[in-house]
Amino acid sequence: MPRVLTIPPSAPFLPTLARALLDGALVEGFAPRRDPLALAGATVFLPTRRAGRLFAQALLEASGGAALLLPKIVPLGDVDEDALAFSEDAPVLAAPHAIAPVHRRLVLARLVGHWRDTLSRAVEREAVAAGTAATFALADALGALFDDLTTAGLTVDRLDGLVPDELDRYFKVGLDFVRIARRAFTAYLDAAGLVEPAARRDALVDAEARRLAALGPEAGPVIAAGSTGSMPATARLLAAIARLPKGAVVLPGLDQDLDAASFARITDDRDSAPDHPQYGLARLLPRLGVEREEVAPSWRRSPTAASG
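Because the structure is predicted, anything quoted here is derived from the model rather than measured.

**Student:** Got a minute to help me understand the pairing of strand 7 (residues 247-252) in this structure?
**Tutor:** Counted residue by residue, strand 7 has 5 buried out of 6 residues, so it is predominantly covered. Pairing between strand 1 (residues 4-7) and strand 7: 4 bridges, direction parallel. Bridged to Leu5 within strand 7 is Val250. In the sheet, strand 6 (residues 222-225) pairs with strand 7 via 4 bridges, with the strands oriented parallel.

**Student:** I'm lost on the environment of Ala248 in this one. Help?
**Tutor:** Its location among the elements puts Ala248 in strand 7. In this structure, Ala248 is in contact with Arg3, Leu5, Leu26, Val27, Val222, Ile223, Ala224 and Ile241, ignoring residues within four places of it in sequence.

**Student:** Where do I start with the environment of Leu215 in this structure?
**Tutor:** When you line up the elements, Leu215 lands in the loop between helix 7 (197-213) and strand 6. Along the sequence, Leu215 and Pro245 sit 30 residues apart, while their C-alpha atoms lie 8.9 Å from each other.

**Student:** Could you clarify how one ought to interpret the packing of helix 7 against helix 8 (residues 232-242) in this entry?
**Tutor:** Helix-helix packing is described using two parameters, namely the angle between the two axes and the distance between the axes. The N-to-C vectors of helix 7 and helix 8 enclose an angle of 10 degrees; their axes lie 9 Å apart at closest approach. Considering their axes alone, helix 7 and helix 8 lie roughly parallel with respect to each other. Residues Asp202, Val205, Asp206, Glu208, Ala209 and Leu212 of helix 7 form the contact with helix 8, whose participating residues are Ala233, Thr234, Arg236, Leu237, Ala240 and Ile241.

**Student:** Even after reading the chapter, I still don't get the pattern of salt bridges, so can you show me in this structure?
**Tutor:** Two side chains with opposite charge may pair up if their charged atoms get near one another. Here the structure, examined in full by the defined rule, presents 10 salt bridges. The shortest N-O distance in the salt bridge between Asp140 and Arg105 comes to 2.9 Å. Taken as a pair, Asp140 in helix 5 (residues 132-152) and Arg105 in helix 4 (residues 101-123) lie far apart in primary sequence, 35 residues in all. A relative accessible area of 38% means that Arg105 is categorised as partly exposed. The closest approach of N and O atoms between Arg236 and Asp206, which form a salt bridge, is 2.9 Å. Taken together, the residues Arg236 in helix 8 and Asp206 in helix 7 connect sequence positions 30 residues apart. For Asp206, a relative accessible area of 18% gives the class buried. Linked by salt bridges that have partners in common, Arg104, Asp147, Arg182 and Glu196 make up one network.

So, how was this worked out
Residues numbered from 1 in each chain as written. Predicted model: local features only at pLDDT ≥ 70, side-chain atom pairs only at ≥ 80, totals over all residues. Heavy atoms only, no water. Buried < 20%, exposed > 50% of the residue type's maximum accessible area, 1.4 Å probe, protein only. Helix = DSSP H or I, 4+ residues; strand = E, 2+ residues; numbered from the N terminus. Pairing = 2+ DSSP bridges. Contact = heavy atoms within 4.5 Å. Axes fitted to C-alpha atoms, helices over the stretch in contact; angles between N-to-C directions. Parallel < 35°, antiparallel > 145°, perpendicular 65-115°, else oblique. Salt bridge = Lys/Arg side-chain N within 4 Å of Asp/Glu carboxyl O.

Structure representation (structure tokens):
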């Protein structure tokens, strides 16, 4: 059974998480408050590096200023390749490598420049990307769009039909360019033996999920907290952590008071509400394999911690 908990929005997330970890409320049988060395055997995944720094401070405050060894704190989506060096996935992940940001920016800027020149000859005036700054700005926007498509696992064909007929024809011209640029950039990466940064990141995250799933019961606790799993690769990692013998996923502010019918409507195919603050969590729960009623509050102390 996946172990999934939540901290309500009314409670400060990181201080509550720190106390729950020390008191044994996250992983059964792991209550390191009275053993400052035990905490070093745990791994905690958090959304950002900043959250990791604040969590380290929260642990020190929750311990009352006592000396302790901090757990390994890892930002989600920033998997350490060194941790995979001796795993069976290492030969697969050694190549292809991600294209460098500057390299990608120059390649995309060249595509934008070629589009600008072609369009200028067609309409006899400079219609887009008038100047170097505009060219690189469009290249950056194009790269961000490619990242979103890669992260969501979508092809550029999914953009078809997004431009209504009544809009300006330049919307259609722009969409045509996105299709052409995507195919051209993909062909360039294939020829160079490189991949998109987002593709490399997702491959590493998936490899980390497989590495964690292969850990035995003797491995230390692994906790993932604060993420809604908006990226598919991150959601797969969270699902793997929730199923570990000493794993736990802590969700931020899951609404457990909303009636079941209203909560189900948030992600209903016919009447979904992507802007709802619970939308990401509502989509994540099925990926974790739990119902909302099965998510436990993480601020309650476990029997192990209470008896200790």
